[in-house]
Amino acid sequence: MSREFDKNMVQLVSQLATNYRQNFIFSLYDSCNLANKDEIIEILHELRQLIFPGFFEKKRLSNDTIEYYIGDLLISVEEKLHRQIKCVLLYKNHLNNESEDSYLEEKTNEICSIFLKLLPEIQARITIDVQAAYDGDPAASDIEQIIFSYPGIFAISIYRIAHELYKLSVPYIPRIMTEYAHNETGIDINSGAEIGKSFFIDHGTGVVIGETCVIGENVKIYQGVTLGALSTRGGQTLQGVKRHPTIEDNVTIYSGASILGGETVIGKNSIIGGNAFITKSVPEDTRVSVQNPELKFKNSKPKEFEQEFILDWII
Amino acid sequence: MSREFDKNMVQLVSQLATNYRQNFIFSLYDSCNLANKDEIIEILHELRQLIFPGFFEKKRLSNDTIEYYIGDLLISVEEKLHRQIKCVLLYKNHLNNESEDSYLEEKTNEICSIFLKLLPEIQARITIDVQAAYDGDPAASDIEQIIFSYPGIFAISIYRIAHELYKLSVPYIPRIMTEYAHNETGIDINSGAEIGKSFFIDHGTGVVIGETCVIGENVKIYQGVTLGALSTRGGQTLQGVKRHPTIEDNVTIYSGASILGGETVIGKNSIIGGNAFITKSVPEDTRVSVQNPELKFKNSKPKEFEQEFILDWII
Amino acid sequence: MSREFDKNMVQLVSQLATNYRQNFIFSLYDSCNLANKDEIIEILHELRQLIFPGFFEKKRLSNDTIEYYIGDLLISVEEKLHRQIKCVLLYKNHLNNESEDSYLEEKTNEICSIFLKLLPEIQARITIDVQAAYDGDPAASDIEQIIFSYPGIFAISIYRIAHELYKLSVPYIPRIMTEYAHNETGIDINSGAEIGKSFFIDHGTGVVIGETCVIGENVKIYQGVTLGALSTRGGQTLQGVKRHPTIEDNVTIYSGASILGGETVIGKNSIIGGNAFITKSVPEDTRVSVQNPELKFKNSKPKEFEQEFILDWII
């Protein structure tokens, strides 16, 4: 770097280092590492291979040798997960005294062990979600296509993994996982939400499912649905309060609907029409449809459009 | 892995292996590989380099040597595409008898050959889409910026590639391709849709274009537009039925509009206003605008807000 | 490649090469490279490491050695940025005469130097945005979680970087940067927008902030908010015109609202309710809420649903 910038370099480094030393955000973690996002994403990819064996690797699997494959992946997942969980527990609890290390090791082992034993159950649940997607979508040619391509299944799978870690009070990692799914799919499911069996999200872009949602079994939702809070202007004072709705079994919610508030309950078997805006409970077996905004029609020749649009045309 | 988890490991591997052997989802493909998603994405990247030479590589291209570059990329694309197509044909048709191998090879060669011969035509079509984006967007400084950065062009390019494979009845790969674009852009175009020349999508997040849509030439759509189905509660019984609308030439559809149903036709030259919700056909040369929901205005000092919001404020 | 395709290969290469030579899109850059998108994304990752030291690397940082870390990253950023800026200036200005090379080098040095000196200021601004996210979101357990996972902070950070390059009139690179953030988060902030301190975007999918927006301090917006243009049917003739709204200090805009037009001003301290559609200015201290579309409720037993839905049920 033999350019003019050299002379400013020293000063710039000094300014950034001063920021680093003085800013409360950065001064926290001098004594330990933070979680590594890349490794957490690797864990998710390996778990997905475990859950859908044969779908996301180049090797051919066979009934006879599947144990080797599974065992190998499990060891890899366990090592990475152990490292990341230990890291976030250390950081979050400000444990930097070596005398606490055996406690930390024990706690990490316990969490890893509980989580991994849940894997067959998680796998079974996700398999039911795949079936729900197949049953619900005429564009699905077969089960394999859903596993390969459907963003809803990707997001739900990651949610089901992250939710178990959330219940085990693992800091940071559950949210990093669900925000990775949000990045990939546009589907934002908070890892704290409770979601029952056989859940289907179609298309999915723009879906938001808040932290304190409770969702029953056989629920179907479409793109752009928000299961959100009423005002969050209380900010941090609302932490822990149930702010998001309860959706009972067999409910279908069509695209663009918003259902808001911690007291709001959508009763079982109900169907919520597209674009509905709901802030009060809806009883069982109810169809809610929207009197959509009135449309105005005007017939014009294209030439007239061109003259008018700058004056009054609205997106 | 010298930790407590070891002792549970054997049992866990056994449980997962049992799931693998017994679940109908996984038992299908013991005899052959599935498609490899990573390689399909590589194919897309190489095709994009072929379609926009010079835009997505570090090497400098030159008029004199362009044949070497194109030839080299084509060989690479053909090899990968051949491998993936053979793989999905084998899998989808349960061909595992070696006597069928020559038929499979022949069929794969035929599809590859037809598809690759279409490349100059696909390139020409995408070039017209780029021009449409430039003409339609005042924020576009030049053509290059559109090719580099516009998510709409990314999604349309991948759709145009995937649609040709869809027409050739290639299983899995077209949907994997368009869902990759959906991941990257939030624009969900089903590979089965038919879309005419000079198509422009601006911003694009949340756009959904269903499998049986038919879209004419010079159509412009904005973020959040759904060209969708009426009820899909019929699930698999609706497969193959035209469930999505027809949009004729020169139609513009502004953001957030939903146009639903297989019988719904938007006549040529029409303009659909933002947030319109349309389930019936609209004649030619029609401007549809929305009587937007009435707004209520209330002037208050900020202090009052703070007292009120917990009681009644709604997102 | 010993397959049938060989014989068509030569013709196909020739067709694509002819397209390349004749199409005005591709003929432009025979004499120089274009920007490399991958390297621009690497620059963003390294800048993020500089802005949030310790969050996105595997190494442990320490107060004592932070200068080495920062210095090393800065050298790397400067080299890449210099290469990319020189590349786009050369391309955009059609400078291919060697006698212009010293001018180009000087200009590139000047831009790099100004931009890098701004880094501590950019870092300080982003830190304030992080604090705004923490204060505004009850689901945020701590500051670290926000830096790790929040898509809003990701998109705003990249916008703040890109905006400085935009103000320095660097072609292509700012838009490539913000479209990368758009890809990752579904949040589309044009690098030309002007955004004040302490800006918070929650969830974020579907947010669109147009090129000529002006946004004050302490503004909060939610998913699906559009700060857009009225008609853009004027296309390229509207380039440079203020087409997008002004949002004053302390405004909150809830999900799904659209605020459109270059003359539209939302006065300070106002709150815009979800789904509001606004094309005219709103005075200070105003609460705008939406008379949401009327809902129709119908109680039915599930059996009846099944009979009816094909006839009249609407998504």
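In case you missed it, the structure is sitting above this.
Let us look at the structure shown here. (Residues numbered from 1 in each chain as written. Chains lettered and ligands numbered in written order. Predicted model: local features only at pLDDT ≥ 70, side-chain atom pairs only at ≥ 80, totals over all residues. Heavy atoms only, no water.)

What follows deals with the overall build of chain A. For chain A, the count of helices and strands is 10 helices and 15 strands. Taking all contacts inside chain A whose residues are at least 6 apart in sequence as the whole, residues at least 24 apart take part in 47%. Accessible surface computed for chain A: about 12,000 Å², of which carbon and sulfur atoms make up 49%. (Helix = DSSP H or I, 4+ residues; strand = E, 2+ residues; numbered from the N terminus. Contact = heavy atoms within 4.5 Å. Areas by Shrake-Rupley, 256 points an atom, 1.4 Å probe, with all protein chains shown as cover.)

This part covers the pattern of salt bridges. Summed over all chains, the structure comprises 30 salt bridges over all chains. Close ionic contact of Glu179(A) with Arg175(A) constitutes a salt bridge, the shortest N to O distance being 3.2 Å. With a gap of four residues between them, Glu179(A) and Arg175(A) both fall in helix α9 (residues 173–185), about one helical turn apart. Taking relative accessible area as the criterion, Arg175(A) reaches 9% and is therefore assigned buried. Across the pair Glu164(C) and Lys167(C) runs a salt bridge, and its minimum N-O distance is 3.6 Å. Taken together, the residues span about one helical turn, with Glu164(C) and Lys167(C) both in helix α8 (residues 151–167) at a distance of three residues. A relative accessible area of 15% means that Glu164(C) is categorised as buried. (Salt bridge = Lys/Arg side-chain N within 4 Å of Asp/Glu carboxyl O. Buried < 20%, exposed > 50% of the residue type's maximum accessible area, 1.4 Å probe, protein only.)

Mapped onto the elements of the fold, His182(A) is located in helix α9. In terms of polar contacts, His182(A) uses its side chain to reach the side chain of Thr205(C), at 2.7 Å. Each residue touching His182(A), except ones within four places of it in the same chain, is listed here: Ile187(A), Asp188(A), Pro151(C), His203(C) and Thr205(C). (Polar contact = N/O pair within 3.5 Å; in protein donor to acceptor, adjacent residues only side chain to side chain.)

On to the packing of aromatic side chains, then. According to the stated counting rule, one finds 16 aromatic pairs over all chains in the structure shown. With 5.9 Å between their ring centres and 65 degrees between their planes, Phe148(B) and Tyr172(C) make a pair best called edge-to-face. Of the two residues, Phe148(B) is situated in helix α7 (residues 143–149) and Tyr172(C) in the loop between α8 and α9 (173–185); the pairing between them involves two chains. A single burial state applies to Phe148(B) and to Tyr172(C), both of which are buried. An aromatic cluster of three or more residues is present, and its members are Phe52(A), Phe55(A), Phe148(A), Tyr91(B) and Tyr172(B). (Phe/Tyr/Trp six-rings, centres within 6.5 Å; stacked < 30°, edge-to-face > 60°.)

Moving on, we come to the packing of α8(C) against α9(C). Residues and elements named next belong to chain C. Where α8 meets α9, the closest approach of the two axes is 8 Å, and the angle between their N-to-C directions is 175 degrees. Looking at the two axes, α8 sits roughly antiparallel to α9. In this structure, α8 contributes Pro151, Phe154, Ala155, Ile158, Tyr159, Ile161, Ala162, Leu165 and Tyr166 to the contact, and α9 contributes Ile173, Pro174, Met177, Thr178, Tyr180, Ala181, Glu184 and Thr185. Here the residues of the contact of α8 with α9 sort into 14 nonpolar, two polar and one charged. (Axes fitted to C-alpha atoms, helices over the stretch in contact; angles between N-to-C directions. Parallel < 35°, antiparallel > 145°, perpendicular 65-115°, else oblique. Nonpolar A, V, L, I, M, F, W, Y, C, P; charged D, E, K, R; others polar.)

All names here are of chain A. The sheet built from four strands is open, its strands ordered β2-β5-β8-β11 with parallel pairing. Looking at the sheet topology across the chains shown, the edges are occupied by β2 (194–195) and β11 (265–266). Bridging between strand β8 (residues 246–247) and β11 involves two bridges; their strand directions are parallel. In the strand pairing of β11, Thr246 is matched with Val265. (Pairing = 2+ DSSP bridges.)

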